[in-house]
Amino acid sequence: MKHLIDKLYETHNLSKEEFVYLLENFDQETSDYLFSLARTYSQKYFDKEVYIRGLIEFTNYCKNDCFYCGIRRGNSNADRYRLSKEEILSCCQTGHELGFRTFVLQGGEDPYYTDEIMVDIIKSIREGYPDCAITLSIGEKTYDQYLKYHEAGADRYLLRHETADEEHYKKLHPESLSLENRKECLRNLKRIGYQVGTGFMVGSPYQTTECLAKDLAFIKELSPQMVGIGPFIPHKDTQFGNFPAGSVDLTLFLIGILRLMLPNALLPSTTALGTLDKKGREKGILSGSNVLMPNLSPIGVRKKYDLYDNKICTGEEAAECNMCLRNRVSSIGYEVVEKRGDFVEDTIG
Ligand code: 5AD
Ligand code: FES
């Protein structure tokens, strides 16, 4: 198996068959070997610096009904909220004081936020925080909408493809959503000039290793600047409430693979990883990731942005998470830095 890891390290790609073989047969020794090579790359491009992104979950209204997600439209138990522009700006202010230089506006697909409202919010952040990057994570929109937000000052966009397998996509989503449209959105975002992040859940219901191999092949083809992956975690008010959670070890292994595939990409160690394993986020960094995305949302709404059960950090203030993360990162010999942390084209070779 080591020879496949070496090949991935040198060529940044493997065939689907080779990925399937690795994913089905890896053991601790293989993982440790993969992680050490992954760290070679993360340290080559980022030293031991970890970038932080302040996540502002500004609405949990959503017009979609994804079968895995706790804030899906059909969940009548969800306690809905929306943040005003003033509330969002106040999150940015807190974040800026704590050293954040990227703000991520994430929300369900909420028609209340018309393009006019979104553009106004983006422009206000852009004016108030000219030294910060603005990332959007608000789902599928048209080319023109993405263009308007970009012109207003948004730099980056996160839109996970969730699964690159057509059949699997249909098992996770209602008919109103399609993998083809999701891919089209990602291509449009790239074309406009956003730094683009995609990604998928590990261990979502009906996922096979072939699905994962397709995810990796799709990511290679898209060549995004960021890739976010995390384990699937069931939410009690969804169709998938009784399915088991995804595997932490497989998620870490996939982070290592992604680091060898995309040596200079921005790879977060996700909250879902930290939810399933107390040391999950630290392990993610030691497997090759280099980004953390703590929450800046007001404490009163934290619990309501309830994508999956038992989500961590819903009772902690932004300042507490900030200290907690800095300590966690330094405990493994890395350092949180106050930088925008933009994607940089590979000139090192
Ligand atoms: N478990 C893990 N991740 C989830 N997401 C949504 N629901 C869940 C869940 N139950 C992820 C999706 C989405 C991101 C914002 O959160 O991948 O893109
Ligand atoms: Fe939120 Fe540790 S990161 S409490």
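Since the model is a prediction, treat every value here as computed from it, not as a measurement. (Residues numbered from 1 in each chain as written. Chains lettered and ligands numbered in written order. Predicted model: local features only at pLDDT ≥ 70, side-chain atom pairs only at ≥ 80, totals over all residues. Heavy atoms only, no water.)

J.: Summarise the state of the cysteines; cite the residues concerned and give the values.
T.: Think of a disulfide as a covalent bridge from one cysteine sulfur atom to another cysteine sulfur atom. Across all of its chains, the model carries zero disulfides by this definition. Unpaired in this structure, Cys132 has its nearest cysteine sulfur neighbour in Cys92, at a distance of 7.6 Å. The closest cysteine sulfur to the non-disulfide-bonded Cys211 is located on Cys66, 17 Å from its own sulfur. For Cys211, a relative accessible area of 3% translates into the label buried. (Disulfide = S-S within 2.5 Å. Buried < 20%, exposed > 50% of the residue type's maximum accessible area, 1.4 Å probe, protein only.)

J.: With reference to specific residues and values, describe the sheet that holds strand 5 (residues 156-158).
T.: Strand order across the open sheet formed by six strands is 2-3-4-5-6-7, with parallel pairing between neighbours. A single partner strand is all that each edge strand has here, and the edge strands are strand 2 (54-59) and strand 7 (226-231). Here the average twist between neighbouring strands, direction ignored, is 20 degrees. As defined by bridge partners, strand 4 (residues 133-137) adjoins strand 5 across two bridges and the pair is classed as parallel. Paired with Thr135 across the two strands is Arg156, which belongs to strand 5. (Pairing = 2+ DSSP bridges. Helix = DSSP H or I, 4+ residues; strand = E, 2+ residues; numbered from the N terminus. Axes fitted to C-alpha atoms, helices over the stretch in contact; angles between N-to-C directions.)

J.: How would you sum up the confidence of the model for the protein? Please name residues and give values.
T.: Residue-level pLDDT values for the protein average 97, and 99% of them are 70 or greater. Per-element averaging of pLDDT across the protein places helix 13 (residues 299-302) at the bottom with 95 and strand 5 at the top with 99. (pLDDT = per-residue confidence, 0-100.)

J.: Tell me about helix 2 (residues 16-25), and name the residues and values.
T.: Burial in helix 2 covers these residues: Glu18, Phe19, Val20, Leu22 and Leu23. Each element contacted by the buried residues of helix 2 is listed here: helix 1 (2-11), helix 3 (28-46), helix 9 (209-222) and helix 10 (248-261). (Contact = heavy atoms within 4.5 Å.)

J.: Tell me what's going on with the site of ligand 1, and back it up with residues and numbers.
T.: Contacts to ligand 1 come from Tyr68, Cys69, Gln106, Arg160, Glu162, Met201, Pro231, Phe232, Ile233, Leu307 and Tyr308. Contact between ligand 1 and Glu162: an oxygen atom at 2.5 Å from a side-chain N or O atom of the residue. The fraction of the free accessible surface of ligand 1 (410 Å²) that becomes covered by protein chains is 86%. Looking at the shell around ligand 1 residue by residue, the class counts come to eight nonpolar, one polar and two charged. (Near = heavy atom within 4 Å. Polar contact = N/O pair within 3.5 Å; in protein donor to acceptor, adjacent residues only side chain to side chain. Areas by Shrake-Rupley, 256 points an atom, 1.4 Å probe, with all protein chains shown as cover. Nonpolar A, V, L, I, M, F, W, Y, C, P; charged D, E, K, R; others polar.)

J.: Describe the packing of helix 9 against helix 10, listing the residues and the values that go with them.
T.: Put simply, helix 9 and helix 10 touch, their axes get as near as 11 Å, and they point 30 degrees apart. Accordingly, the angle class assigned to the pair helix 9 and helix 10 is roughly parallel. Helix 9 and helix 10 meet at a crossing whose hand is right-handed. Residue-level inspection shows Leu212, Leu216, Ile219 and Lys220 of helix 9 in contact with helix 10, the latter providing Leu250, Leu254, Ile257, Leu258 and Met261. Class assignment of the residues belonging to the contact of helix 9 with helix 10 gives a composition of eight nonpolar, no polar and one charged. (Parallel < 35°, antiparallel > 145°, perpendicular 65-115°, else oblique. Left-handed = near helix turned anticlockwise from the far one by under 90°.)

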